[in-house]
Amino acid sequence: MEKRLTNSWTRLKTTIKTSKNILIATHIDPDGDGICSALLMAHLVNFYKRKKPTLFCHSPIPEKYQFLLHNDRFSNTLTDFDLLIAVDSANIERIFPKGKYSSDFLKRKLVINIDHHRSNKLFGAITIIDEKASSACEIIYRLFKKLNLPINRQVAQIFYAGIYMETGGFVYPNTTASALQICSELIKKGVEPAQLIKRLNAKTVEGTKLLAEVLSTIEIEHGVGTMYLSQAMLKKHRASMSESENFISFLQAIRDVRVSLFLREEKDDIRVSLRSDGIIDVNKFAQRFGGGGHRLAAGMRLKGSIKAVKKKLLTELIKEL
C-alpha cells in the first residue's frame, strides 16, 4: 500500500509540473474538509507552478469559511483546463451534478482523485484514496510531508480547520491518533486552536433560531432519531442552508439514539444525512439509495416530500436494526 501511494505521489508531482491549466474542485454543498483540502491543493500547485490554479465549486462557499480563503476565490464557472484535481468527493457527480453538466466534458482531461470515503468510485488516472484517514486534509498533510513542502502558519490553520470540522471537533469516530498527532504538529506551526475554533463555530442569530426549530422536530423510534429542516423554516428565520452543517451532532448526542437521520428540504430534492454508532453500516445503507460515505457517516439525495422520504428510510432502517 505504501509503495502504491508513494508512486501516486510521485506521479501527482510530475503531472502537476507538466500540466498547463489546472482546476481544483470539491463537492456540492461544501463542508470544511472539502473547502480546506481544495485550498491546500491550491497551495501545493502554486508551490510547483508559481501560478495559482482555478478553484471550482458548484455551490457557494459558506460565510463562516471565508476567512480561510485569504486571496483565493472559488468559481462556479468552468474555465479551460487540462488537469482536474478532485478532492473529498466519492464520485464525479458530487462535483458536477448530472443534468447541470455535460456527461462527456471530461473526455481527454486528466483527473487526479484525492479522497477518504469508503464509497469512492476510484475515478481518475491517479487515485490517492485512504478510507482510514480522518479527512482529505489528513491525506494532503501527508502529501506535503512526503514532498517536503513548507507549511507556514496560514497553511497550518487551513489544515487544522479541515481536520477539526471533519471530526466534529474531535468527537466523531474518525478522530484517530494520527489526526490528533497532525493537529499537535500544526499547533507547533503557530495555530491557535481557541481562536480558530471560535471563528469556525460562530453562529448567527438566524442560524441559532433555525437550530431551535429543527431540534423541535426530533422524534425517536426503535433507536433511530430523526429531525428535519424545511424551506419554510429557512425563509421564516432568514437563514442559509449552510448553517445547518453540524446540526446532526445534537441528534447523535441523545442517549439511546443508535442511528441519526437528518432530512433537509432543498429546491429539487431531500438531502439526507446519516450517522451510526456502529450498529449498522450507513455507507452500505446509503448506497442502496444512490448515496454513500463512510461506515458511520453517510448521505444521499432523494426525490419526494420530507414526510414521504422520512417514512421510507425510517421503515428500512428499523428493518436493519
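Residues numbered from 1 in each chain as written. Predicted model: local features only at pLDDT ≥ 70, side-chain atom pairs only at ≥ 80, totals over all residues. Heavy atoms only, no water.

Peer 1: Hey, could you run me through helix 2 (residues 32-49) in this one?
Peer 2: Counted at 1.5 Å a residue, the expected span for helix 2 with its 18 residues is 26 Å, and the 26 Å between its end C-alpha atoms agrees. Most of helix 2 sits out of view: 14 of its 18 residues are buried. In the stretch just after helix 2, R50 is the one whose phi turns positive, near 55 degrees. (Helix = DSSP H or I, 4+ residues; strand = E, 2+ residues; numbered from the N terminus. Expected span 1.5 Å × (residues − 1). Buried < 20%, exposed > 50% of the residue type's maximum accessible area, 1.4 Å probe, protein only.)

Peer 1: What is the right way to read the sheet that holds strand 2 (residues 54-56) from this model?
Peer 2: Sheets are built from strands paired through backbone hydrogen bonds, the pairs being either parallel or antiparallel. The strand order across the open sheet built from six strands is 3-2-1-4-5-6, with neighbouring strands paired in parallel fashion. Only two strands of the sheet have a single partner each, and these edge strands are strand 3 (74-75) and strand 6 (126-129). In this sheet, strand 6 lies alongside strand 5 (residues 110-115) in parallel orientation, the contact comprising four bridges. Bridge pairing in strand 6 places N113 opposite T127. (Pairing = 2+ DSSP bridges.)

Peer 1: I keep staring at the pattern of salt bridges and nothing clicks. Help me out?
Peer 2: Pairs can form between side chains of opposite charge once their charged atoms are near each other. Taken as a whole and assessed by the stated rule, the structure comprises 18 salt bridges. The salt bridge partner of D72 is K52, with a shortest N-O separation of 3.5 Å. Highlighted residues: D72 in the loop between strand 2 and strand 3 and K52 in the loop between helix 2 and strand 2, separated in sequence by 20 residues. Residue D72 is classed as buried on the basis of its relative accessible area of 11%. Across the pair K109 and D80 runs a salt bridge whose closest N-O atoms are separated by 3.6 Å. Placement of K109 in the loop between strand 4 (83-87) and strand 5 and of D80 in the loop between strand 3 and strand 4 is noted, with a sequence separation of 29 residues between them. Taking relative accessible area as the criterion, K109 reaches 24% and is therefore assigned partly exposed. (Salt bridge = Lys/Arg side-chain N within 4 Å of Asp/Glu carboxyl O.)

Peer 1: What am I meant to see in the pairing of strand 10 (residues 270-276) here?
Peer 2: Side-chain positions along a regular strand alternate between the two faces of the sheet. The element strand 10 is extensively covered by neighbouring structure, given that seven of its seven residues are classed as buried. With burial as the criterion, each face of strand 10 is covered, one bearing I270, V272, L274 and S276 and the other bearing R271, S273 and R275. Counted between consecutive antiparallel strands, the loop separating strand 9 (residues 259-265) from strand 10 contains four residues. The sheet contact formed by strand 10 and strand 12 (residues 297-302) spans six bridges and is antiparallel. Along strand 12, the bridge assignment pairs R275 with A297.

Peer 1: Looking at this structure, how should I read the side chain of D88?
Peer 2: Note that D88 resides in the loop between strand 4 and strand 5. Notably, D88 is buried but unbridged: the nearest opposite-charge side chain belongs to R94, and the N-O separation is 6.6 Å. A distance of 3.3 Å separates a polar atom in the side chain of D88 from the backbone nitrogen of G34. Those residues in contact with D88 that sit more than four places away from it in its chain are T26, H27, D31, D33, G34, S37, I114, D115, H116, H117 and A136. (Lys, Arg positive; Asp, Glu negative; His and termini not counted. Polar contact = N/O pair within 3.5 Å; in protein donor to acceptor, adjacent residues only side chain to side chain. Contact = heavy atoms within 4.5 Å.)

Peer 1: Looking at this structure, how should I read the side chain of N283?
Peer 2: Checked against the element boundaries, N283 lands in helix 10 (residues 282-287). Relative accessible area serves as the criterion here: at 3%, N283 is assigned to the buried category. Look past the residues within four positions of N283 in its chain and what remains in contact with it is R118, S119, G292, G293, H294, R295 and A298.

Peer 1: Any chance you could explain the sheet that holds strand 10 here in plain terms?
Peer 2: Reading across the sheet, the six strands line up as 7-8-9-10-12-11 and stay open at both edges, with mixed pairing between neighbours. Every interior strand has two partners, whereas the edge strands, strand 7 (219-221) and strand 11 (292-293), have only one. Pairing of strand 7 with strand 8 (residues 224-229), which is carried by three bridges, proceeds in the antiparallel orientation. For E219, the partnering residue across the bridge sits in strand 8 and is T226.

Peer 1: Please clarify how the packing of aromatic side chains should be interpreted in this entry.
Peer 2: Each aromatic ring pair is specified by the distance between its two centres and by the angle formed by the two planes. Scanning the model with the defined rule gives 12 aromatic pairs in all. Taken together, a centroid distance of 6.2 Å and an interplanar angle of 35 degrees make the contact between Y101 and F105 tilted. Using a relative accessible area of 19% as the deciding quantity, one classes Y101 as buried. Ring geometry for F144 against F159: centres 5.2 Å apart, planes inclined by 90 degrees, an arrangement best described as edge-to-face. One end of the pair, F144, is in helix 3 (residues 136-146); the other, F159, is in helix 4 (residues 153-166), with 15 residues separating them in the sequence. A single burial state applies to F144 and to F159, both of which are buried. (Phe/Tyr/Trp six-rings, centres within 6.5 Å; stacked < 30°, edge-to-face > 60°.)

Peer 1: It is not clear to me how the environment of L302 should be interpreted in this structure. Could you clarify?
Peer 2: Residue placement: L302 occurs in strand 12. On the accessibility criterion, L302 (13% relative accessible area) is buried. With 20 residues separating them along the chain, L302 and V282 place their C-alpha atoms 16 Å apart. Among all residues touching L302, those that are not within four sequence positions of it are D269, I270, F289, V309 and L313.

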